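What the coordinates show
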Amino acid sequence: MPSGYALQLALGPLDSLIAAMRLARSHKYVLMLRMVQRLHQAGQVWPAGESLPARLVWGAHTPTDRTTVLADVVAGYGAGVFSLETAVRMLQEAGYPVEDVAEEVARIQRWAFDQAARLADATGDNAAVREYLGLPEADPLPTVPLIHGQVTAPATAPGGYTAQPSALLPHGQSRQVGPTGPGPR
């Protein structure tokens, strides 16, 4: 059995012949698709208006090696050579059961936690990360109204010392309280 490279060399002239035949008829296919659109518009199946650009996309005329395509997709996407959309489209064209490329990309991104973590590190924007993962917007944090002049709980400094709010002391005085009681300033 010939290897993949030898088979490619043997089918090279056939590939170029088929590509030339498809190229010679490509303008006719565009006209045919425009005619189909206009017939649908005339039958009022589609709304009237300008015809949309359309073209035929041909599949492979020889059997494809799905394992090779999968390896190419993994290597190419992993190296950053092409996008996730292109990778999924390549898998779809190779015969993998992908019905809608955009829906498949959204499913993949819902579980792409490593990429989401990199996005969070790069942007610091949690809303962008939630959008990337397909999560709903986060509920806003509740704000607690503070009463003007309210004293908050003292903060503990390293070493076990508690800093006292200076607002409770007479002007210009400060003190620290250590583990054994008030200490010198």
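See the structure shown above.
Heads up: these notes are all about the structure in this document.

Each value, and the rule that gives it
- Residues numbered from 1 in each chain as written.
- Predicted model: local features only at pLDDT ≥ 70, side-chain atom pairs only at ≥ 80, totals over all residues.
- Heavy atoms only, no water.
- Core = buried A, V, L, I, M, F, W, Y, C linked by side-chain atoms within 4.5 Å.
- Buried < 20%, exposed > 50% of the residue type's maximum accessible area, 1.4 Å probe, protein only.
- Helix = DSSP H or I, 4+ residues; strand = E, 2+ residues; numbered from the N terminus.
- Contact = heavy atoms within 4.5 Å.
- Axes fitted to C-alpha atoms, helices over the stretch in contact; angles between N-to-C directions.
- Parallel < 35°, antiparallel > 145°, perpendicular 65-115°, else oblique.
- Nonpolar A, V, L, I, M, F, W, Y, C, P; charged D, E, K, R; others polar.

What about the nonpolar core?
The biggest cluster of nonpolar side chains holds six residues, and these are V69, V73, A87, L91, A94 and Y96. Those elements that place two or more of their residues in this core are α2 (66-78) and α3 (84-93). Look past the residues within four positions of A94 in its chain and what remains in contact with it is T64, R66 and V69. Membership of the second largest hydrophobic core comes to five residues, among which are L84, V88, V101 and V105.

Examining the packing of α2 against α3
The geometry of α2 relative to α3 is characterised by a closest axis approach of 10 Å and an angle of 180 degrees between their N-to-C directions. Accordingly, the angle class assigned to the pair α2 and α3 is roughly antiparallel. From α2, V69, L70, V73 and Y77 reach across to α3, where they touch L84, A87, M90 and L91. Each residue belonging to the contact of α2 with α3 can be placed in one class, and the counts come to eight nonpolar, no polar and no charged.

Overview of the environment of G49
Structurally, the position occupied by G49 is in the loop between α1 (4-42) and α2. Look at G49 and you get partly exposed, because its relative accessible area is 48%. Spatially, the C-alpha atoms of G49 and R38 are 9.0 Å apart, while their sequence positions differ by eleven residues.

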